[in-house]
Amino acid sequence: MGVSNNITAILNFIALLASIPIIVAGIWLASKADNECTHYFRWPVVILGVLILLVCLAGFVGAYWNRQGLLAFYLICMAILIALLLILLVFAFVVTRSDGAYPVQGRGYKEYRLDGFSQWLRDHVTNSKNWGKIRTCLADSDVCARLTQNYMAADQFYSAHISPLQSGCCKPPTACGYTYVNPTLWLNPVSPMADPDCLLWNNDQSQLCYNCNSCKAGLLGNLRKEWRKVNVILIVAVVVLIWVYLIACSAFKNAQTEELFRRYKQGWV
């Protein structure tokens, strides 16, 4: 195996390692309750990570055993996958740029407005066609049930840093003036007309505020928060992959030159 192929094999091993955080981040993202209930964001990162791992493995095999055809296949596929990863990264930044969160006086958590998020998210995640299935999925999850296990007293709950999804779906908006009984049981609103969601609140544990716009906004807030974390990993991974790819292209050209020179010395050309 030539020097250039050695370099290419090492670089592919580095790229293979870089694909592991992408896969782990994708699995973490897919395991979240909000992503379990939405299909748009659940698996793209995992699929891309697995494809990158397989292509890097093919490149490593091609470099180690000097299979030029396999190396060429690796370079073409890796260019496509890096482009797809960049598109996903830019898309995720654009659609999660807007934040519908706003602070609530005397509360450790924030509340969320649906119109504060991007139009694409509102159209594709929380539209009437999709929300029925998402609402049922959220109601079947333990997102709100966990609050009653973790918080008892009102002051303890008010100071808690609960997730956007829990803030939007598991309690009524603060502006309604409901009296706290426990995190998912609220009575006697002082200002029932302060927000349209005030009238949609229901103490039935299968209803709560799952029909509220605040719940839809909370779901988008969760998606935004999680994707912002994943984007950091994707940025680091794509920088490493681009760096590895550029050096691998140079090493591939050098390997071809070495092969031509070797044939020339043997009198084949």
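Structure: above.
Here we look at the overall build of the protein chain
1) Next: Within the protein chain, the regular secondary structure consists of ten helices and four strands.
2) Next: Going residue by residue from the N terminus, the α and β elements of the protein chain occur as α-α-α-α-β-β-α-α-α-α-α-β-β-α.
3) Next: Radius of gyration (C-alpha) of the protein chain: 26 Å, far over the 18 Å computed for a compact globule of 269 residues.
4) Next: Structurally, the protein chain occupies a C-alpha span of about 95 × 30 × 30 Å along its principal axes.
5) Next: Here the protein chain, with 269 residues, has 44% of them falling under the buried criterion.
6) Next: Of all intrachain contacts in the protein chain linking residues separated by at least 6 positions in sequence, the fraction that spans at least 24 positions is 67%.

Concerning the pairing of strand β3 (residues 179–182)
1) Next: Two elements, β3 and strand β4 (residues 185–187), share three bridges in a ladder whose sense is antiparallel. Its bridge partner lying in β4, Tyr180 is registered against Trp186.

Focus on the state of the cysteines
Here a disulfide denotes one covalent bond, and it connects the sulfur atoms of two cysteines.
1) Next: Applying the stated criterion across every chain, the model contains five disulfides.
2) Next: Each sulfur of the disulfide joining Cys37 and Cys137 lies 2.1 Å from the other. Handedness here is read from the sign of the S-S torsion; for Cys37 and Cys137, about -75 degrees, the answer is left-handed. Highlighted residues: Cys37 in the loop between α2 (33–36) and α3 (44–64) and Cys137 in helix α6 (residues 128–140), separated in sequence by 100 residues.
3) Next: The class for Cys137 is partly exposed, based on a relative accessible area of 25%.
4) Next: Between the sulfur atoms of Cys176 and its disulfide partner Cys198 the distance amounts to 1.9 Å. Between Cys176 and Cys198 the sulfur-sulfur dihedral comes to about -90 degrees; the bridge is accordingly left-handed. Here Cys176, found in the loop between α9 (164–169) and β3, pairs with Cys198, found in the loop between β4 and α10 (213–265); they are 22 residues apart in sequence, far enough to count as distant.
5) Next: Taken N- to C-terminal, the disulfide-bonded cysteines of the protein chain are connected 1-2, 3-5, 4-10, 6-7, 8-9.
6) Next: We note that Cys56 lacks a disulfide partner, and the nearest cysteine sulfur, in Cys77, lies 11 Å from it.
7) Next: Free cysteine Cys249: the closest other cysteine sulfur is in Cys56, separated by 13 Å.

What about a nonpolar patch on the surface?
1) Next: A cluster of nonpolar side chains, Trp43, Ile47, Val50, Leu51 and Leu54, forms an exposed patch at the surface whose accessible area comes to about 440 Å².
2) Next: Turning to its location among the elements, Val50 is positioned in helix α3.

Re the nonpolar core
1) Next: In terms of nonpolar packing, the biggest core is built from 69 residues, with Leu138 and Phe157 touching the most fellow members.
2) Next: Sorting the residues of this core by element identifies α1 (3–31), α3, α4 (68–95), α6, α8 (154–158), α9 and α10 as the ones contributing at least two each.
3) Next: Residue contributions to this core peak at 14 residues, all from α10.
4) Next: Not counting chain neighbours up to four residues away, the residues in contact with Phe157 comprise Tyr109, Leu147, Tyr151, Ile162, Lys171, Tyr180, Pro183 and Trp186.

With respect to the packing of α3 against α4
1) Next: Across the interface, α3 lies against α4 with an axial gap of 9 Å and an inter-helix angle of 155 degrees. Relative to α4, α3 is oriented roughly antiparallel. Regarding α3 and α4, the two cross each other, and that crossing is left-handed. Of the residues in α4, those touching α3 at Val45, Leu48, Leu51, Ile52, Val55, Cys56, Ala58, Gly59, Val61, Gly62 and Ala63 are Leu70, Leu71, Tyr74, Cys77, Met78, Leu81, Leu84, Leu85 and Leu88.
2) Next: A per-class count over the contact of α3 with α4 returns 18 nonpolar, two polar and no charged.

Conventions used here
- Residues numbered from 1 in each chain as written.
- Predicted model: local features only at pLDDT ≥ 70, side-chain atom pairs only at ≥ 80, totals over all residues.
- Heavy atoms only, no water.
- Helix = DSSP H or I, 4+ residues; strand = E, 2+ residues; numbered from the N terminus.
- Rg over C-alpha atoms; globule rule 2.2 N^0.38 Å.
- Buried < 20%, exposed > 50% of the residue type's maximum accessible area, 1.4 Å probe, protein only.
- Contact = heavy atoms within 4.5 Å.
- Pairing = 2+ DSSP bridges.
- Disulfide = S-S within 2.5 Å.
- Patch = residues over 30% accessible without salt bridge, like charges linked within 9 Å, V, L, I, M, F, W, Y side chains within 5 Å.
- Areas by Shrake-Rupley, 256 points an atom, 1.4 Å probe, with all protein chains shown as cover.
- Salt bridge = Lys/Arg side-chain N within 4 Å of Asp/Glu carboxyl O.
- Core = buried A, V, L, I, M, F, W, Y, C linked by side-chain atoms within 4.5 Å.
- Axes fitted to C-alpha atoms, helices over the stretch in contact; angles between N-to-C directions.
- Parallel < 35°, antiparallel > 145°, perpendicular 65-115°, else oblique.
- Left-handed = near helix turned anticlockwise from the far one by under 90°.
- Nonpolar A, V, L, I, M, F, W, Y, C, P; charged D, E, K, R; others polar.

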